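Coordinates in review
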Amino acid sequence: MRHHVEILDAKTREKLCFLDKVEPHATIAEIKNLFTKTQGKSLKDEDVLQKLPVGTTATLYFRDLGAQISWVTVFLTEYAGPLFIYLLFYFRVPFIYGHKYDFTSSRHTVVHLACICHSFHYVKRLLETLFVHRFSHGTMPLRNIFKNCTYYWGFAAWMAYYINHPLYTPPTYGAQQVKLALAIFVICQLGNFSIHMALRDLRPAGSKTRKIPYPTKNPFTWLFLLVSCPNYTYEVGSWIGFAIMTQCLPVALFSLVGFTQMTIWAKGKHRSYLKEFRDYPPLRMPIIPFLL
């Protein structure tokens, strides 16, 4: 005996669809698939009506995504904030560390080097947003800008407060530790930029075409041989280098949270590549070669 299953909206209790003759041994996953089939599929802007599985009369459903904001605006806002906030602490503007430290300068070289690295990183991000990145989606939900800015601006203030504090102490192993960390930071920044340029060249201007990214003559892109998202690998590496340089706990936590989020993004993109391209290189991992 087959069952009839009614699907309701959890919030409004509105009836969404009615599934007829469902097998009694059907799993919830199978019921979800049946429901998805009744709802149709999401359409892309470039889909052609003639190629869709419809007859002479097509029924399209509109979904309100709520207030939207452009990706460019979001990126510019979330990246400009940390750049400005960090400099407030670096120059020790009034009301941060106490009156006697207003506009004083640290005697430690690593503090000034950290400011240069941090500023370079976010200036690079701003310039890439304006001149390098090509976004497949024009907008994102407006609420994301508040979430993203809280994350970037909050961590920037937290790490800047300690690195530029008058009582800050340099790394345990001194200049050697700083030089090693600086080398890691610079190499990873160059690698990150190289990957962004390679991905940009992969997609012509105004196009949403997706292709498998492969290494180019640039040695920094050779990481594509082992991972699907080397831009994230290099990004995490940059922050690890910055954490070693400053020996600052908030920077280490920022690196850990960033790594966790970028791993989620990398896994999602890796699955998308595998699903879309049958000849996708099997050796690649999402973000860490041979591991993850």
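Residues numbered from 1 in each chain as written. Predicted model: local features only at pLDDT ≥ 70, side-chain atom pairs only at ≥ 80, totals over all residues. Heavy atoms only, no water.

Digging into the nonpolar core
In this structure, Met159, Ile163, Phe242, Met245 and Val251 are the most contacted members of the largest nonpolar core, which totals 37 residues. Of all the secondary-structure elements, those providing two or more residues to this core are α2 (71-90), α3 (109-131), α4 (143-163), α5 (174-202), α6 (230-246) and α7 (249-276). There are two domains that each give this core at least three residues, and those are domain 2 (68-170) and domain 3 (173-291). Residues contacting Val251, with those up to four places away along its chain left out, are Met159, Ile163, Trp239, Phe242, Ala243 and Thr246. Counting 7 residues, the second-largest nonpolar core is a separate cluster that includes Ile195, Phe224, Val227 and Tyr234. (Core = buried A, V, L, I, M, F, W, Y, C linked by side-chain atoms within 4.5 Å. Buried < 20%, exposed > 50% of the residue type's maximum accessible area, 1.4 Å probe, protein only. Helix = DSSP H or I, 4+ residues; strand = E, 2+ residues; numbered from the N terminus. Domains from an automatic or database assignment. Contact = heavy atoms within 4.5 Å.)

A look at the packing of α3 against α6
Contact geometry of α3 with α6 gives a least axis separation of 10 Å together with a crossing angle of 165 degrees. Judged on the interaxial angle alone, α6 and α3 are roughly antiparallel. The element α3 and its partner α6 pack so that their crossing is left-handed. Mapping the contact onto sequence places Val110, Leu113, Ala114, Cys117, His118, His121, Tyr122 and Arg125 in α3 and Glu235, Trp239, Phe242, Met245 and Thr246 in α6. Among the residues making up the contact of α3 with α6, the classes are represented as 8 nonpolar, 3 polar and 2 charged. (Axes fitted to C-alpha atoms, helices over the stretch in contact; angles between N-to-C directions. Parallel < 35°, antiparallel > 145°, perpendicular 65-115°, else oblique. Left-handed = near helix turned anticlockwise from the far one by under 90°. Nonpolar A, V, L, I, M, F, W, Y, C, P; charged D, E, K, R; others polar.)

Comments concerning α2
In this model, α2 (20 residues) spans 29 Å end to end at C-alpha, consistent with the 28 Å of a helix rising 1.5 Å per residue. Of the residues trailing α2, Arg92 is marked for its positive phi of about 50 degrees. (Expected span 1.5 Å × (residues − 1).)

Thoughts on the state of the cysteines
With the rule as written, the count across this model stands at 0 disulfides. No disulfide involves Cys117; its sulfur sits 9.3 Å from the nearest other cysteine sulfur, which is in Cys115. (Disulfide = S-S within 2.5 Å.)

Quick word on the packing of aromatic side chains
All chains considered together, the criterion is met by 21 aromatic pairs. For the ring pair Tyr79 and Tyr152, a centre distance of 5.7 Å and an interplane angle of 90 degrees mean the geometry is edge-to-face. Of this pair, Tyr79 sits in helix α2 while Tyr152 sits in helix α4, and the two are 73 residues apart along the sequence. You'll find Tyr79 and Tyr152 in the same group, each marked buried. With 6.4 Å between their ring centres and 75 degrees between their planes, Phe220 and Tyr234 make a pair best called edge-to-face. Of the two residues, Phe220 is situated in the loop between α5 and α6 and Tyr234 in helix α6; the sequence distance between them amounts to 14 residues. Note on Phe220: relative accessible area 25%, which makes it partly exposed. Residue classification places Tyr234 among the buried positions, given a relative accessible area of 12%. The rings of Phe75, Tyr79, Tyr122, Tyr151, Tyr152, Phe155, Trp158, Phe185, Trp239, Phe242 and Phe254 are connected pair by pair, giving a single aromatic cluster. (Phe/Tyr/Trp six-rings, centres within 6.5 Å; stacked < 30°, edge-to-face > 60°.)

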